Amino acid sequence: MAVNTIDAKMLAKMFLAGAKNLESKKEWINELNVFPVPDGDTGTNMTLTIMSAAKDVAAMNANNDLDMKSLAKAISSGSLRGARGNSGVILSQLFRGFTKAIRDYDTIDIPLLAEACEKAVETAYKAVMKPKEGTILTVAKSASLKARELADAGETDLEKYIGDIIERADYVLSQTPEMLPVLKQAGVVDSGGQGLMQVLKGAYEAFLGKEIDWTVTETAAPAGAPFAGSQETVLEESDIKFGYCTEFIIMLSKTFNIKQEMDFKAYLESIGDSIVVVADDDVVKVHVHTNDPGLAIQKALKYGALSNMKIDNMRLEHHEKVVKMAQKEQQEAAAPAEKKAAAFIAVSVGEGINAILKDLGVDYIIEGGQTMNPSTEDVLNAIEKVNAETVYVLPNNKNIILAANQAKYMTEDKKIVVIPTKTIAQGITAVINYVPDLSPEENEAAMTEAIETVRTGEVTYAVRDTVIDDHEIHQGDYMGIGDAGILAVGQAIETVTKDMIDSMMDEDMELISIYYGQETKEEDAAALRDKVAEKYPACDVELQYGGQPIYYYIVSAE
């Protein structure tokens, strides 16, 4: 007998099953990211987003405390606050639109489901300033169009209805490489669209009656959170044999049995001490003190993708550690007593870059960036902690802008201005161009115009073989990534960096700023600066310690 309605209890099961299916496939989805950098995170961002809502839905399901209105609120509010990265924000907006359409009904039939799909797509498209086809938006739209087509044709069997929608969306996902050449060249489908398909397929399996484990475990903590299992004390510098406290989580994509665990520990012991390796099903938590974090990272990448990366230079930080912790606790405990006219919040990672931003007047730093995109809730918490009439938010990463805008629309007691900075260099330029005497609207216009003059390049390494922008890239190669794609590829960091800078330059450039990372030696960075200055004598060439992980150099030209 055909089923023609979905009640709140069934919808909760479908949502949880979709969340669990996405979570189980997140590493596979991460690997679909076009750029083979060691921070592919679409699957992780989408999982963190949906799991933020799944915790509440699971609790309601366990307590049998379900009605459509409360369920819709839990899905919408939870995913909204937990949204991370562009893909996560778009997913949360799909849920937000969908739940708006169904929240006032006890059951969902096919006409209402078609309307909810349309509302979901409409809401998601509105959230993106420049929607691009060949992405998660295209896949969602194809599902919505099929839902409307079948509903108008009079379909009454939900099993067939949902199955046909998924079939159409799956086909459109397979065609995304034809819509975006960069996907075709890399040989992958859109990762965000694949993430959405895993949610839909998991939900459909629950609708068909498949047994699902409804238990929702806690998701990984954001970057910068304390690492469970590590115990650190403030040491005298002379006692620090290995200078970098390195922590991360391996999300396993390959077998990691007892022998491999022992071999991995033995390798870490050969390059450092204070080792903690805790393997638990599909994740491995790692902590090591070493003088070369890159060696630990490269070894770990053989077993899977990395998250929750945190690298601290203990030699530089040990004198200030206690003071910094006290200052941080004080900052989090209370907002400033006197209200300011304006305050700045910036997303940043790396002690050098953090210090530069604070010296320029940034009031609050959100730890994060490429390796872990802060959520909407992270931005909201930061906004709450600064006491100002106008708060300027600098995302400093294109994958964080949507979450920042979402926080803006959720804030009522302060004026929030999101400057769409896509790189740290743009963020620094934006702060420099702030003028206290101008209105928020005038400053927004001036800062936005200023960041458009900045070109940025970042040097990192490839974690897999691929072809992008006609560059053949092999695992372990160094890559210079510009604002719009790959600028240089090679096997020597300095050569790649110089080639990248050459691609960034034109006759109007007057300033080149080089920020060297945590794993780059100061003398190597100084030698690079001298060579760049010699080649471009008409430009001022500045060198500063950024301390950023993953990226050996961040370079701006303006």
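Above this text you will find the structure in question.
Below you will find a few notes about this structure. (Residues numbered from 1 in each chain as written. Predicted model: local features only at pLDDT ≥ 70, side-chain atom pairs only at ≥ 80, totals over all residues. Heavy atoms only, no water.)

**Considerations on the environment of Lys385**
Selection rule: Put simply, DSSP marks the helices as runs of H or I at least four residues long and the strands as runs of E at least two long, and each gets a number from the N terminus on.
Inspection of the secondary structure puts Lys385 in helix α16 (residues 376–385). For the pair Lys385 and Ile345, spaced 40 residues apart in sequence, the C-alpha to C-alpha distance is 10.0 Å.

**Comments concerning the sheet that holds strand β11 (residues 455–461)**
Note the following rule: Note: two strands are recorded as paired if DSSP finds a minimum of 2 bridges between them. Axis definition: a line fitted to C-alpha atoms, over the contacting stretch in the case of helices. Angles run 0 to 180 degrees between N-to-C directions. Note on definitions: a residue-residue contact is assigned when non-hydrogen atoms from the two residues lie within 4.5 Å.
Within the open sheet, the six strands sit side by side as β15-β14-β11-β18-β16-β17. Their pairing is mixed. The open sheet has two free edges, formed respectively by β15 (486–490) and β17 (540–545), since each of these has just one partner strand. For this sheet the average axis-to-axis angle between neighbouring strands, irrespective of direction, equals 15 degrees. Bridge analysis of strand β14 (residues 478–481) against β15 gives four bridges, and the strand direction is antiparallel. Within β15, the position partnered with Tyr478 by the bridge is Gly490. Strand contacts of helix α20 (residues 493–504): β11, β14, β15, β16 (511–516) and β18 (553–557), with the helix running at about 160 degrees to β11, the strand carrying the most contacts.

**Quick notes on helix α10 (residues 191–207)**
The condition is simple: Given the number of residues in a helix, its expected span is that number minus one, multiplied by 1.5 Å. Relative accessible area decides the class of each residue, using a 1.4 Å probe on protein chains only: under 20% of the type maximum gives buried, over 50% gives exposed, and in between gives partly exposed. Pairs of N or O atoms within 3.5 Å make up the polar contacts considered here, provided that, within protein, one atom can donate a hydrogen while the other can accept it, and that residues adjacent in sequence are counted only when both atoms are side-chain atoms.
For α10, spanning 17 residues, the distance from its first C-alpha to its last is 25 Å, which sits close to the expected 24 Å at 1.5 Å a residue. Most of α10 sits inside the fold, with 14 of its 17 residues counted as buried. Of the residues that open α10, the one with a side-chain oxygen 3.2 Å from the backbone nitrogen of Gly192 is Asp190. Looking one or two residues past α10, Gly209 carries a phi angle of roughly 100 degrees, positive in sign.

**Here's the deal with unusual backbone geometry**
Despite not being glycine, Asn396 has its phi angle at roughly 60 degrees, a positive value. You can see Asn396 is positioned in the loop between β9 (388–394) and α17 (401–410). One non-glycine residue, Ile550, adopts positive backbone phi at about 70 degrees. Along the chain, Ile550 turns up in the loop between β17 and β18. Classification of Ile550 as buried rests on a relative accessible area of 5%.

Function cannot be read off these values alone, since they describe shape.
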